[in-house]
Amino acid sequence: MWYAQNPGRRTRQLLGDGAVLLWTVLWTAAAVVAYRLACLLTRPTPDAPAPPIGDPSRLPLVGDRVDSALRAAADFAGTGDPVTVRAAVIVGAVVVFLVPVGLVLNSWLPRRLRWIRQAAAAEELAASDDGRELLALRALLRPLDEVARTANELPDATAGSLAEGWRGGDPVIIDALAEAELVRLGLHIPERLYIPVQESGQGHGTGPMEPCGSMGPVPTA
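Residues numbered from 1 in each chain as written. Predicted model: local features only at pLDDT ≥ 70, side-chain atom pairs only at ≥ 80, totals over all residues. Heavy atoms only, no water.

J.: What is the right way to read unusual backbone geometry from this model?
T.: Glycine aside, residues mostly have negative phi, and peptide bonds are mostly found in the trans state. Phi at aspartate 156 is positive, roughly 55 degrees, even though this residue is not glycine. Take aspartate 156: it is sitting in the loop between helix H5 (144-152) and helix H6 (159-167). (Helix = DSSP H or I, 4+ residues; strand = E, 2+ residues; numbered from the N terminus.)

Quick look at the structure:
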């Protein structure tokens, strides 16, 4: 699974992947252009000596120091070993590509791979009772504000009651937490993930079944 099933989350993932791809293409083109320009600048021209720093024909938009440095590099390219010069130009072009692209990939790729692993594992866990308990535990280990938002979706529930219900094996609490974890990952809730609605005078599992999205009141001990 490469993308979320939730449309909003999937759209953000597609935009992020597209932005990274565009960034990579742009810097690839920049590296190719830099390589070709460097090849032109370092092409030996023994019959055309470099103009002095004060000459009007110096490179535009750069200072005297930059201009003299470039001229010195060109002079070295004209007198240096062609193999060494070509290797230096190639290394420079590779650096132009690797630095900006590597910085972006270093922050984007781990998060992307982590979501892929978590989504695949969550989808498999949601298919079994024991797996849903693990999903519920994962939801309980989220930051307290996220656990509190999950508790707000259940009548008269708190973050503490969610933890107590998980320890006691309450199917309503476990399924609610598992659903919250699936929603956080942008996944659809499986059809078999149902919560029993408690009717007056009846216990768990004796009433009709409803999806998690329309959960009944949390049973009290």
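J.: Just to check I follow, could you spell out a nonpolar patch on the surface for this structure?
T.: Taken together, the side chains of Val91, Val95, Val99 and Leu103 present a nonpolar region at the surface, about 360 Å² in accessible area. By the element assignment, valine 99 lies in helix H3 (residues 82-125). (Patch = residues over 30% accessible without salt bridge, like charges linked within 9 Å, V, L, I, M, F, W, Y side chains within 5 Å. Areas by Shrake-Rupley, 256 points an atom, 1.4 Å probe, with all protein chains shown as cover. Salt bridge = Lys/Arg side-chain N within 4 Å of Asp/Glu carboxyl O.)

J.: Teacher, can you tell me more about the packing of H6 against helix H7 (residues 171-184) here?
T.: How two helices pack is summed up by the angle between their axes together with the distance between the axes. At their nearest, the axes of H6 and H7 sit 8 Å apart, and the two run at 115 degrees to each other. Relative to H7, H6 is oriented roughly perpendicular. Seen along the crossing, H6 lies across H7 with a hand that is left-handed. Residues Leu162, Gly165 and Trp166 of H6 form the contact with H7, whose own contacting residues are Ile173, Ile174 and Leu177. For the contact of H6 with H7, the residue count by class is five nonpolar, one polar and no charged. (Axes fitted to C-alpha atoms, helices over the stretch in contact; angles between N-to-C directions. Parallel < 35°, antiparallel > 145°, perpendicular 65-115°, else oblique. Left-handed = near helix turned anticlockwise from the far one by under 90°. Contact = heavy atoms within 4.5 Å. Nonpolar A, V, L, I, M, F, W, Y, C, P; charged D, E, K, R; others polar.)

J.: I keep staring at the packing of aromatic side chains and nothing clicks. Help me out?
T.: Under the counting rule described, the total for this entry stands at one aromatic pair. Taking NZ or CZ as reference, arginine 112 lies 4.8 Å from the ring centre of tyrosine 3, over its face. (Phe/Tyr/Trp six-rings, centres within 6.5 Å; stacked < 30°, edge-to-face > 60°. Lys NZ or Arg CZ within 6 Å of the ring centre and 35° of its normal.)

J.: Please explain helix H4 (residues 129-140) as it appears in this structure.
T.: Along an α-helix, residues three or four apart share an orientation, since each turn contains 3.6 residues. Helix length check: H4, at twelve residues, gives a terminal C-alpha distance of 17 Å against a target of 16 Å (1.5 Å per residue), a fit within 8%. Those residues of H4 that fall on the buried side of the exposure criterion are Gly131, Arg132, Leu135, Ala136, Ala139 and Leu140. The N-cap residue of H4 is serine 128: its side-chain oxygen and the backbone nitrogen of glycine 131 are 3.1 Å apart. (Expected span 1.5 Å × (residues − 1). Buried < 20%, exposed > 50% of the residue type's maximum accessible area, 1.4 Å probe, protein only. Polar contact = N/O pair within 3.5 Å; in protein donor to acceptor, adjacent residues only side chain to side chain.)

J.: Help me out: how do you make sense of H5 in this one?
T.: Residues of H5 that are buried: Val147, Thr150 and Ala151. Here the buried residues of H5 occupy an arc of 100 degrees about the axis, which is enough to place them on one side. Where the residues of H5 are buried, they touch H4, H6 and H7. (Arc of directions from axis to C-beta.)

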